[in-house]
Amino acid sequence: MRKSQADEKILSYNDVVLRRSDLDILSGPHYLNDRIIEFYFSYLSSCHPSQDILLVPPSIAFWIIKCPVAEALSDFIEPLHLPDKTLVLFPINDNDDVDRAEGGSHWSLLAYYRNANLFVHHDSCRSMNTAPAKQLYKAVAGYMGFPGSASEASFQECTNSPIQENGHDCGLYATAIARIICNWHVNHKNTDTNDLWFSAVKEQVTPSAVGSMRGEILALIRDLMARH
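None of the values given here were measured: they were computed from a predicted structure.

Student: Even after reading the chapter, I still don't get the side chain of Ser-108, so can you show me in this structure?
Tutor: Tracing the backbone shows Ser-108 in strand β5 (residues 107-113). Assessed through its relative accessible area of 1%, Ser-108 is described here as buried. Only 3.2 Å separates the side chain of Ser-108 from the side chain of Asn-129, close enough to count as a polar contact.

Student: It is not clear to me how the sheet that holds strand β3 (residues 53-55) should be interpreted in this structure. Could you clarify?
Tutor: In a beta sheet, neighbouring strands pair by backbone hydrogen bonds and run either parallel or antiparallel. Spatially, the five strands line up as an open sheet ordered β3-β4-β5-β6-β7, and their pairing is mixed. With partners counted over all chains shown, the strands left at the sheet margins are β3 and β7 (154-157), one partner each. Pairwise comparison of adjacent strand axes, ignoring direction, gives a mean angle of 20° for this sheet. On the sheet, helix α6 (residues 130-140) packs against β4 (87-93), β5, β6 (118-122) and β7 and is oriented at approximately 140° with respect to β4. Its contacts with the sheet put helix α7 (residues 170-187) on β3, β4, β5 and β6, and the angle it makes with β5 is roughly 20°.

Student: Would you explain the packing of helix α3 (residues 34-47) against helix α9 (residues 207-227) in this entry?
Tutor: If you want to describe how two helices pack, look at the angle between their axes and the distance between the axes. For the pair α3 and α9, the least separation of the axes is 12 Å and the interaxial angle reads 75°. In terms of orientation, α3 and α9 fall into the roughly perpendicular class. Between α3, through Ile-36, Phe-39, Tyr-40 and Tyr-43, and α9, the contact on the second element is made entirely by Met-213, Ile-217, Leu-220, Ile-221 and Leu-224. Of the residues in the contact of α3 with α9, the class split is nine nonpolar, no polar and no charged.

Student: Hey, could you run me through the pattern of salt bridges in this one?
Tutor: Between side chains of opposite charge, a pair can form as their charged atoms come close. All chains considered together, the criterion is met by six salt bridges. Asp-169 is the partner of Arg-214 in a salt bridge, and the nearest nitrogen-oxygen pair spans 3.2 Å. Of the two residues, Arg-214 is situated in helix α9 and Asp-169 in the loop between β7 and α7; the sequence distance between them amounts to 45 residues. Pair check on accessibility: Arg-214 and Asp-169 agree, each one buried. With its nearest N and O atoms 2.8 Å apart, the salt bridge here joins Asp-223 to Arg-227. Here Arg-227 and Asp-223 lie together in helix α9, a separation of four residues that amounts to about one turn. By relative accessible area, Arg-227 is classed as exposed at 64%.

Rules of the game
- Residues numbered from 1 in each chain as written.
- Predicted model: local features only at pLDDT ≥ 70, side-chain atom pairs only at ≥ 80, totals over all residues.
- Heavy atoms only, no water.
- Helix = DSSP H or I, 4+ residues; strand = E, 2+ residues; numbered from the N terminus.
- Buried < 20%, exposed > 50% of the residue type's maximum accessible area, 1.4 Å probe, protein only.
- Polar contact = N/O pair within 3.5 Å; in protein donor to acceptor, adjacent residues only side chain to side chain.
- Pairing = 2+ DSSP bridges.
- Axes fitted to C-alpha atoms, helices over the stretch in contact; angles between N-to-C directions.
- Contact = heavy atoms within 4.5 Å.
- Parallel < 35°, antiparallel > 145°, perpendicular 65-115°, else oblique.
- Nonpolar A, V, L, I, M, F, W, Y, C, P; charged D, E, K, R; others polar.
- Salt bridge = Lys/Arg side-chain N within 4 Å of Asp/Glu carboxyl O.

In structure tokens, the structure reads:
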């Protein structure tokens, strides 16, 4: 496919613009890029419009991790209204180069749940992204504004998070787990905070379920294209 064809805009959804090359990524066994992750997070936000849920776009999560100036970080984070959110999901990428757009080679998911004052890191490749996940946690923990508590939120690596079976499905695992956590939050708000969504993730995020997500996301995009 020529570059001009690959860059052709095929869908504008909320603030996300998808291009024809994104369809090619979803059609084959390829690593998901930032745009596809951002699109699916935006879609989940539309499915769960509650004001207490926030799904952070990949570019914002990456900027928070790499922001070199504390004052700039504060100005950037405050508009997210984190103290008003019960559930916040951050996509984590291992890109080390701030000058390289859509760099990195691995996605994971960092989830914050206010009722437990806890950040949980789900990594489908055995804690490969623990370092950037902890960087983001340390950057935002002081901004969560947990009411009535003098202590910052804690960080937990989910050691039994589902493990990918190949080198390219990490983004699908991150999006699949994000979907499960959002559904859990909507349907089980009074659940024991010791278990949270862990059982649901373990039961539902299987290799076959994750594999089918490529087709699901692709079909979703094509359906939205037809409507527009």
